[in-house]
Amino acid sequence: MKNYDFAQFRCPRWVELPDLGLYMDQVLIVVEGALRPLFPNDPVVLTSTMVNNYVKQQVLTPSEKKKYRREHLATLITITVLKRVLSVAEIKVVLECLAEATEPSAGYDRFCAQLECRLNGRSGMEGCHPLLASAVDAVAGKLIFESKCAALCPPEPPAEKKKKKADEQGRN
């Protein structure tokens, strides 16, 4: 398992996300690139099946002629981070609260800044929606916990696991 220094993580801001129509495979690459540092031990960060399910569950708006815009990317990054601790229904509530409170660009940038603050042990931003602050606190806590566990309890090498299993079977 890989341990991660969250001080180096920076969530891409709204203006840094591509502002042109991207196809699904390109969306997956952008989201993977943005979030891989947060999830170094996950084999896959986001799949096309996940994206399609988010659309079916009405958490993500459908693509336009199979092309995804900046709004889609921001929403997918937010969903992918929050799904570590929240259900899709809970994520939908957080996204709806953000949409009611502010413009999509400001809400997404606030999410990014709040996440970075909490991952680095700093207090969150003032004026952040309480629901968003709670959700980000939960995610940051889980990611920090996972990172510390990986540092303190590294997984056994496969050869050691096989040897242990063979020893246990020999005793039975």
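## Things to note about the side chain of T78
(1) Moving on: By the secondary structure assignment, T78 is in helix 3 (residues 70-82).
(2) Moving on: Within the structure, T78 has its side chain in polar contact with the backbone oxygen of A74 (distance 2.8 Å).
(3) Moving on: Not counting residues up to four positions away in its chain, the partners in contact with T78 are L95, Y108 and F111.

## Things to note about the packing of aromatic side chains
(1) Moving on: If you walk through the whole model with that rule in mind, you get two aromatic pairs.
(2) Moving on: Here the aromatic cluster, defined as three or more aromatic residues joined through ring pairs, consists of W14, Y108 and F111.

## Structural notes on the packing of helix 4 (residues 88-101) against helix 6 (residues 130-152)
(1) Moving on: Their axes nearest at 9 Å, the elements helix 4 and helix 6 cross at an angle of 140°. Taken together, the axis directions place helix 4 and helix 6 in an arrangement best described as oblique. Crossing of helix 4 over helix 6 shows left-handed handedness. Residue-level inspection shows V93, V94, C97 and L98 of helix 4 in contact with helix 6, the latter providing L131, L132 and A135.
(2) Moving on: Tallied by class, residues from the contact of helix 4 with helix 6 come to seven nonpolar, no polar and no charged.

## What to know about the nonpolar core
(1) Moving on: Counting residues in hydrophobic clusters, the biggest one holds 46 residues, and the most contacted among them are V31, L35, L38, Y108, F111 and L115.
(2) Moving on: At the level of elements, helix 1 (24-35), helix 2 (48-56), helix 3, helix 4, helix 5 (104-119) and helix 6 are the ones that each hand at least two residues to this core.
(3) Moving on: Those residues in contact with F111 that lie beyond four places of it in its chain are T78, V81, L82, L132 and V136.

## Things to note about the pattern of salt bridges
(1) Moving on: For the structure on display, the rule yields 10 salt bridges.
(2) Moving on: D19 is paired through a salt bridge with R70; the nearest N and O atoms lie 4.0 Å apart. One end of the pair, D19, is in the segment before helix 1; the other, R70, is in helix 3, with 51 residues separating them in the sequence.
(3) Moving on: With relative accessibility at 13%, the residue R70 sits in the buried group.
(4) Moving on: Across the salt bridge formed by R118 and D137, the nearest N and O atoms sit 2.6 Å from each other. Note that R118 is positioned in helix 5 and D137 in helix 6, a separation of 19 residues in sequence.
(5) Moving on: Note on D137: relative accessible area 33%, which makes it partly exposed.
(6) Moving on: Look at the salt bridges and you will find they share partners, linking D42, R84, K142 and E146 into a network.

Cut-offs used in this document
Residues numbered from 1 in each chain as written. Predicted model: local features only at pLDDT ≥ 70, side-chain atom pairs only at ≥ 80, totals over all residues. Heavy atoms only, no water. Helix = DSSP H or I, 4+ residues; strand = E, 2+ residues; numbered from the N terminus. Polar contact = N/O pair within 3.5 Å; in protein donor to acceptor, adjacent residues only side chain to side chain. Contact = heavy atoms within 4.5 Å. Phe/Tyr/Trp six-rings, centres within 6.5 Å; stacked < 30°, edge-to-face > 60°. Axes fitted to C-alpha atoms, helices over the stretch in contact; angles between N-to-C directions. Parallel < 35°, antiparallel > 145°, perpendicular 65-115°, else oblique. Left-handed = near helix turned anticlockwise from the far one by under 90°. Nonpolar A, V, L, I, M, F, W, Y, C, P; charged D, E, K, R; others polar. Core = buried A, V, L, I, M, F, W, Y, C linked by side-chain atoms within 4.5 Å. Buried < 20%, exposed > 50% of the residue type's maximum accessible area, 1.4 Å probe, protein only. Salt bridge = Lys/Arg side-chain N within 4 Å of Asp/Glu carboxyl O.

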